[in-house]
Amino acid sequence: MKLANCEHCTLRGKAIVPPEINTTNLLFIGEAPGEEETEQLHPFVGRAGRFFMELLTSLKLNRGDASYNNACLCRPTRTPNGRVINRQPTEFEIECCQPRLYNDVMKLNPLVIVTLGKPAFTAFFGDTKRLRDVVGIVRYWKRTPIVPTYHPSAVMRDRSGERGYKKAVLSHIKHALYLMNKGRQIKLL
Ligand code: SF4
């Protein structure tokens, strides 16, 4: 089975940051690795990842209580004024990595998935004009519930809390935990 269309992907040749697998209960899917993830070859360890772990801690969750994956496994960058910075993966890059992502998710078969940000949502359901119209609304992918929410970097940017992103993300994760527990009970029946 062909797992990723790397030969066509704009990100080909870059370091591949593999997913972190800890549990089949809960899977968070982000956009793509950033600089620190690429250096350490580990997902969710950069600034946004560390901030996200703080959010999980506030819900009494540990890093090991979930698994972590990304819509794209390689770092998308742009270079304004010669400085290399992160950017969101394009729809084409997401599409190239999609068979690999689907295969990872099918192998893990989690009880619930939370997508963080627009690219992760797009990887499953296609593009949405406005993420705010879809966050918190549970959808199903191959019978697995998916709770879309905002990316932690959006929460970080909303320092004043004016947009309510932090409150929304925490509430969406809590709902995912509810679905996870429901899924566990069904598995035990
Ligand atoms: S992002 Fe995915 S498809 Fe693109 S080069 Fe990396 S592993 Fe291959």
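The rules behind these values
Residues numbered from 1 in each chain as written. Predicted model: local features only at pLDDT ≥ 70, side-chain atom pairs only at ≥ 80, totals over all residues. Buried ≥ 20, exposed ≤ 12 C-beta atoms within 10 Å, placed from the backbone. Helix = DSSP H or I, 4+ residues; strand = E, 2+ residues; numbered from the N terminus. Pairing = 2+ DSSP bridges. Near = placed C-beta within 6 Å. Nonpolar A, V, L, I, M, F, W, Y, C, P; charged D, E, K, R; others polar.

**Topic: the pairing of strand β2 (residues 67-70)**
Okay, so step 1: Because side chains alternate across β2, one face comprises the buried residues S67 and N69, and the other comprises Y68 and N70, equally buried.
Okay, so step 2: Pairing of strand β1 (residues 26-30) with β2, which is carried by four bridges, proceeds in the parallel orientation. Each residue of the ladder has a partner; that of G30, found in β2, is N70.

**Some details on the site of the ligand**
Okay, so step 1: Within the structure, the ligand sits among 14 residues, and A4, C6, C9, C74 and C97 are positioned closest to it.
Okay, so step 2: Its residues assigned to classes, the shell around the ligand shows ten nonpolar, one polar and three charged.

**Points about the pairing of β1**
Okay, so step 1: The element β1 is extensively covered by neighbouring structure, given that five of its five residues are classed as buried.
Okay, so step 2: Of the two faces of β1, the one holding L26, F28 and G30 and the one holding L27 and I29 are both buried throughout.
Okay, so step 3: Bridge analysis of β1 against strand β5 (residues 112-116) gives four bridges, and the strand direction is parallel. Each bridged residue has a counterpart across the sheet, and for F28 the counterpart in β5 is V114.

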